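Observations on chain architecture
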Amino acid sequence: MKIHSRCRWLPFILGLSVLAPAKALPARQGRTNAEMQLTVDASTTYQTIEGFGASAAWWAQEVGGWEDVREDIADLLFDPERGIGLSIIRYNIGAGDGENIRDVWRRTETFEVAPGEYDWNRDTNAIWMMRAAQARGVEHVVAFANSPPARMTISGLTTGEKEGGSNLRPEMVESFAQYLIDIVRHLREDEGIPVTWISPINEPQWEWHHENGQE
C-alpha cells in the first residue's frame, strides 16, 4: 500500500467502532459456576442483515479526488480480499449552499441549479467512490439527505431549523420528494449505481442550526 500523509484520515474515514474485550463480571453472591446449557433454534429467524456498510459523508466528496491514494482506500473499505469487504455504501445527497458551515469537510454540492434542473457534473468525487465500491462488489447503495436545498427550508439555510424541528416547508413536501426521485433516477439509470433505498430524513433531533456544523 502507498504511504501518504493524508492516510492519517483513514481511521475517521472507516467510521468503525472498535470494541475492547469486556472484563468478566464478578459472580453474584450465592451463585455457583455451574454449567449452563443453551439451545439455539436455527429454524427461527428474528431479523435479516442485508450487509455491512459505511456512510460516504463526510469524506467521499474529498477522498474521491485523491487520485494517488483513492484506489487503495476503496480497496481497504470494499474489497473482500484486500480490505474489510463492506457491502453497502451510504451516499449523501447534498443540499449545497453551505457557505455558513464552518467545517469545509461538511459542505456538499447539490445537483440542483434551479427547480427541476440539474447539473450532473457536480459531486464527481463522491460519485467516483460509489463507482469504486460497485466495482469491488457492492450491490446496495443507500441514498440519504441531511437537508433539502435551501429554497425548500423554513430557515432559508441547509443547517437546520433554529428550534431543532423539521426544516422542510410544508408546501415543499412534494417538491422535496420529486427532488430525491430525480436524483436517484439519475444515479440508477444514467450512472448505473444500484441505489436500493432512499432515506429522506437524517438525525432530525439535532439542532444543527445553532452550531452551523453541517447540513
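Up top is the structure these notes are about.
What comes next concerns the included structure. (Residues numbered from 1 in each chain as written. Predicted model: local features only at pLDDT ≥ 70, side-chain atom pairs only at ≥ 80, totals over all residues. Heavy atoms only, no water.)

As for the sheet that holds strand β2 (residues 88-92)
- The four strands lie next to each other as β1-β2-β5-β6, forming an open sheet whose pairing is parallel. With partners counted over all chains shown, the strands left at the sheet margins are β1 (53-55) and β6 (195-199), one partner each. Between one strand axis and the next, the sheet turns through 20° on average, direction left out of account.
- As paired strands, β2 and strand β5 (residues 140-144) are joined by five bridges and run parallel to one another. Each residue of the ladder has a partner; that of N92, found in β5, is F144. (Pairing = 2+ DSSP bridges. Helix = DSSP H or I, 4+ residues; strand = E, 2+ residues; numbered from the N terminus. Axes fitted to C-alpha atoms, helices over the stretch in contact; angles between N-to-C directions.)

Structural notes on the nonpolar core
- One finds I89, Y91 and M129 to be the most contacted residues of the largest nonpolar core, which totals 40 residues.
- The set of elements that each furnish at least two residues to this core consists of α2 (60-63), α3 (70-78), β2, α4 (124-135), β5 and α5 (173-190).
- Per element, the largest residue contribution to this core is seven residues, and it comes from α4.
- Every residue in contact with Y91, bar those within four places of it in the chain, is listed here: F111, D123, A126, I127, M130, V141, V142, A143, F144 and L187. (Core = buried A, V, L, I, M, F, W, Y, C linked by side-chain atoms within 4.5 Å. Buried < 20%, exposed > 50% of the residue type's maximum accessible area, 1.4 Å probe, protein only. Contact = heavy atoms within 4.5 Å.)

A few points about the pattern of salt bridges
- Scanning the model with the defined rule gives nine salt bridges in all.
- As a salt-bridge pair, D75 and R82 come within 2.4 Å of each other at their nearest N and O atoms.
- Classification of D75 by relative accessible area gives buried; the value is 9%.
- Its salt-bridge partner being D75, residue R136 comes within 2.6 Å of it at the nearest N-O pair. Placement of the pair is R136 in the loop between α4 and β5 and D75 in helix α3, with a sequence separation of 61 residues.
- Among the charged side chains, a network of salt bridges with common partners joins E71, D72, D75, R82 and R136. (Salt bridge = Lys/Arg side-chain N within 4 Å of Asp/Glu carboxyl O.)

Describing α5
- For α5, built from 18 residues, the straight-helix expectation of 26 Å at 1.5 Å per residue is met to within 8% by its first-to-last C-alpha distance of 25 Å.
- Taken together, the buried positions of α5 are occupied by F176, Y179, L180, D182, I183, V184, H186 and L187.
- Contacts made by the buried residues of α5 are with β2, β3 (112-114), β4 (117-118), α4, β5 and β6.
- Following α5 by one or two positions, G192 adopts a phi angle in the positive range, close to 70°. (Expected span 1.5 Å × (residues − 1).)

Don't take any of this as a statement about function, it's just geometry.
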